[in-house]
Amino acid sequence: MHLLSPLLLLLEYVAFSDSQDWKFEHPTTLYAWEGTCIWIPCSYTIPGNGKVLDNLTVYQNYKWDDKTKDFSGTVLYEKKKVETPHNQGRVQFLGDDKSNCTLHIHPVNAQDNGQLGLRVTSKNDRWMEKIVLNISKMAPPPRINLPSEIRELQEVTLTCQLDFACLGYQIKLQWSLEGTQHNLSSVTSTSLTTKTVFTQSQLTFQPEWTNHGKKLICQLRNDNADGPLSQETVQLDVKHAPEPSTVKITVSPAKEGSKISLTCISQAYPSPINYTWYHNKIEISETGKTFQIPNVFLKHAGNYSCLAKNSVGTGKAGQAAELDVQYSPKEVTMVIQNPTPIREGDDVTLFCNYTSSNPSVTRYEWRTQGSWKEIMPGALVIQKVPWNASPFSCAACNRWCSWASSVNLHVQYAPKGVKVLLISPGSEIYSGHPVLLRCNFSSSYPTDVLFFWKKNGIFLKEGRDLSFDSISPEDAGNYNCLVNNSIGQSTSEAWKLQVLYAPRRLRVSISPKDSVMEGKKAVLMCESDANPPISRYTWFDWNNQNLHHDDQTLRLDPVKVQDSGAYWCQGANRLGMGQSPPRILTVYYSPETISKQVALGMGLFLAILLLPLLGVKLQRSWKRIQSQQGLQENSSAQSFFVRNRKVRRAPLSEGPHSLGCYNPVMEDSISYATLRFPLAETDTPRIGEAGTSEVQRTPLNRDNTVTYSVVQKRQVGDYENVTPDVPEDEGIHYSELVHLGIGERPLSQEGVEYVTLKH
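Residues numbered from 1 in each chain as written. Predicted model: local features only at pLDDT ≥ 70, side-chain atom pairs only at ≥ 80, totals over all residues. Heavy atoms only, no water.

1. A closer look at the packing of aromatic side chains
Centre-to-centre distance and the angle between the planes together describe a pair of aromatic rings.
Thinking step 1. The tally for this structure, following the rule as stated, stands at 16 aromatic pairs.
Thinking step 2. For the pair Trp387 and Tyr413, a centre-to-centre distance of 4.8 Å together with 55° between the ring planes defines the contact as tilted. Highlighted residues: Trp387 in the loop between strand E35 (379-383) and strand E36 (393-397) and Tyr413 in strand E38 (residues 413-416), separated in sequence by 26 residues.
Thinking step 3. When its relative accessible area of 31% is taken as the criterion, Trp387 is described as partly exposed.
Thinking step 4. Through pairs of rings, three or more aromatic residues link up here, namely Trp22, Phe24 and Tyr44.
Thinking step 5. Taking NZ or CZ as reference, Lys255 lies 4.7 Å from the ring centre of Trp400, over its face.
Thinking step 6. One residue, Arg504, lies across the ring of Tyr501, its end atom 5.2 Å from the ring centre. (Phe/Tyr/Trp six-rings, centres within 6.5 Å; stacked < 30°, edge-to-face > 60°. Helix = DSSP H or I, 4+ residues; strand = E, 2+ residues; numbered from the N terminus. Buried < 20%, exposed > 50% of the residue type's maximum accessible area, 1.4 Å probe, protein only. Lys NZ or Arg CZ within 6 Å of the ring centre and 35° of its normal.)

2. Description of the sheet that holds strand E26 (residues 290-293)
Thinking step 1. The antiparallel open sheet is built from 3 strands, whose spatial order is E21-E23-E26. In the strand order of this sheet, the two ends are held by strand E21 (246-249) and E26, each with one partner. Neighbour to neighbour, the strand axes of the sheet diverge by 20° on average, direction disregarded.
Thinking step 2. Here strand E23 (residues 260-265) runs beside E26; their pairing, made up of 4 bridges, is antiparallel. Following the sheet pairing, Ile260 is matched in E26 by Ile293. (Pairing = 2+ DSSP bridges. Axes fitted to C-alpha atoms, helices over the stretch in contact; angles between N-to-C directions.)

3. Comments concerning the UniProt feature "transmembrane region" (unreviewed entry) in the chain
Thinking step 1. Using the residue numbers shown here, the UniProt feature "transmembrane region" (unreviewed entry) corresponds to residues 598-616.
Thinking step 2. As annotated, residues 598-616 has a helix share of 100% and a strand share of 0%, and its two end C-alpha atoms lie 29 Å apart. (UniProt positions renumbered as here; feature names shortened; annotations may be inferred.)

4. Comments concerning a nonpolar patch on the surface
Thinking step 1. A surface patch of nonpolar side chains, amounting to about 290 Å² of accessible area, comprises Ile594, Val598 and Met602.
Thinking step 2. Mapped onto the elements of the fold, Met602 is located in helix H2 (residues 591-629).
Thinking step 3. The exposure class of Met602 is exposed, given its relative accessible area of 52%. (Patch = residues over 30% accessible without salt bridge, like charges linked within 9 Å, V, L, I, M, F, W, Y side chains within 5 Å. Areas by Shrake-Rupley, 256 points an atom, 1.4 Å probe, with all protein chains shown as cover. Salt bridge = Lys/Arg side-chain N within 4 Å of Asp/Glu carboxyl O.)

5. Structural notes on empty space enclosed by the protein
Thinking step 1. What the rule picks out here adds up to 4 cavities of 30 Å³ or more.
Thinking step 2. Taken as a whole, the second largest cavity holds about 40 Å³ of empty space.
Thinking step 3. As for the second largest cavity, its lining consists of Gln60, Leu76, Arg90, Ile105, Val108, Asp112, Leu116 and Leu133.
Thinking step 4. Across the lining of the second largest cavity, the residue classes tally to 5 nonpolar, 1 polar and 2 charged. (1 Å grid on protein atoms, 1.4 Å probe; cavity = no way out; pocket = protein on both sides within 12 Å on 5 of 7 lines; lining within 4 Å. Points joined across faces, edges and corners; volume = space filled by probe spheres on them. Nonpolar A, V, L, I, M, F, W, Y, C, P; charged D, E, K, R; others polar.)

6. Observations concerning the state of the cysteines
Between two cysteines, a covalent bond joining their sulfur atoms is known as a disulfide.
Thinking step 1. By the definition in use, this model includes 8 disulfides.
Thinking step 2. Between Cys160 and Cys218 runs a disulfide, and the two sulfur atoms are separated by 1.9 Å. Its S-S torsion of about -90° marks the bond between Cys160 and Cys218 as left-handed, since a negative value means left-handed. You can see Cys160 sitting in strand E14 (residues 156-162) and its partner Cys218 sitting in strand E18 (residues 215-221), a full 58 residues away along the chain. (Disulfide = S-S within 2.5 Å.)

7. With respect to the sheet that holds strand E48 (residues 501-511)
Adjacent strands of a sheet form backbone hydrogen bonds with each other and so pair up, either parallel or antiparallel.
Thinking step 1. Taking strand neighbours across the sheet as the criterion, the 3 strands line up as E48-E50-E52 in an open arrangement whose pairing is antiparallel. Every interior strand has two partners, whereas the edge strands, E48 and strand E52 (553-556), have only one. For this sheet, the mean inter-axis angle between neighbouring strands, taken without regard to orientation, is 10°.
Thinking step 2. Alignment of E48 against strand E50 (residues 522-531), held across 7 bridges, turns out to be antiparallel. From the neighbouring strand, Arg507 faces E50, where its bridge partner is Glu527.

8. What about the environment of Glu331?
Thinking step 1. One can find Glu331 in the loop between strand E29 (325-330) and strand E30 (333-336).
Thinking step 2. With a relative accessible area of 60%, Glu331 lands in the exposed category.
Thinking step 3. Separated by 74 residues in the primary sequence, Glu331 and Ser405 have C-alpha atoms spaced 9.7 Å apart.
Thinking step 4. With near-sequence residues (within four places) excluded, Glu331 lies in contact with Asn353, Tyr354 and Thr355. (Contact = heavy atoms within 4.5 Å.)

Structure (structure tokens):
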């Protein structure tokens, strides 16, 4: 042990005076040698209620620094928030932030010899605790403890003890006696408490007088070393004059409940005839040479002596014999170190305690599950305790084991097995029907829970049941139920609510758009909302005519101007049918078609310009016919025919007296009428400015305005003045042109169209 100088004592007093009532328990000095380890059992108490350890720093050979007003030295371990367990280099902290400050250093060096300082803080409280380490280069020798007197044939117990024990470095103490070829049997025990740390071996034997002066050796050994690490030797001093009476016990130590015999031995002649027995110096009612105990109990343990008496007299009582009654550990209990309640995933520390044991407890056994680690004899840490942990138990063992009653950890956990149940209906869900969902769970501790519902990740309501009086398609989605207790919250897997309903919200979409150029592609899509999906589609046009197309898509490729119009669709599944509103598709002409129509328009324009010239020719022809046939001026009539051309192009010239007319009313089909007049004898053809043939005649001395009537076509035949037997040309319409002249005109008639030609 190192003595502190007065100055160091003063510094320690100043350092320690910043806190009060910190209490530490640990061995004052711990011994080890280079290459081994040190196990430092340590416990502490923080002043005040409810405080926990915030910081722990382990210094080697620390000292007080006047400049920094704090301790300095080699830092072996530092932890801001203590966790259990935690390693830093050679140092392992096995404690917690409440009361345990146990340390494990492995390996140790000779330079570690000196003071170890534990600097601890808790909020505003600080403390420096000193632990002395005695580290040597070589292993120190064990100590042999002998009784004050060793007598022949009297059982004696010798102890070999080494002030060292560490769970990371196994040692054993081995006995040998000079003159014997075998090692002596012994019992080894280890102590790792806050008061003592040692390894001890007890040797019990009955020495003979021949053992006097022999050497008894206790060797320190390690399995990894070839020879002994160190040893201690003593010389036996055996008393071999047995004159007083002695007691011999048949079995000692004796197992509790076994049968033993005690015999009083006395060298006397004549042989003793009466014996007096003493138990712990108290006379008992036994007079025979042999004293038997059929069922030994703990109360029978103690020192026994006897007096022998013969006819000569009573002898002396010799050395008392000790009856050692051994038993398994008594009143073994398991104590939970952690503050309650214990939650799922916590690290739980269990201690196995007992009241008494003979011989001493040498080991512990555990009945646990999951991951665990015995941090020291009788102390177990269960890492991340499961929510369904079964009861735990422990046994303290010497030569026999005694089990503690099982302890239930009562682990608290968030609800388990949360899921959504469909209560009603039993199978498929139809729109408009009532629906009931229930949130279920398998277990929870504590059992008081709250229920919540979410739809598509959005909070919906609180309560275990979720009901719909009349469910609609808008209620479909992914539903989760949440179960909450004081420990936490558990969420079910998403439960997909599917609502079955007939097709609705049908609409026709047109791609690429509603207006499409002729010759391109138009795609009509029947869009809908239905569950199950629509299995049959039907398409209709603007005349409500079934297009006999049962696909969702109607393709028009290439599209025509005649395809313009309104379209609508029907969709049906096994639950019903729905119908879309009409959607209008407009097909417009391509640039090529427009060019053709422009050309036709130009031709019509030219025809209109030539119309006055045609009127002049008609007037001349009329005069010629009138003069030839001798008709009256107001009753002349002549037939002509009109050819209807349905092609959209300018008419070709058909003769010297042809004239084309454009009908602007008909947009899609342009009709042309051609008036033909026979040449009069007095008419001679001439070439006009435009290169067309014209008829020259003497103008009549009358008004330039001539009115013609077009007689309506008969319904019984295709033409007005052509007999039905003659094959008809579908492109030619025949009418009668009546020249009314300038005199008195007849009354207008139904079915007759009138036109006035000016020339």
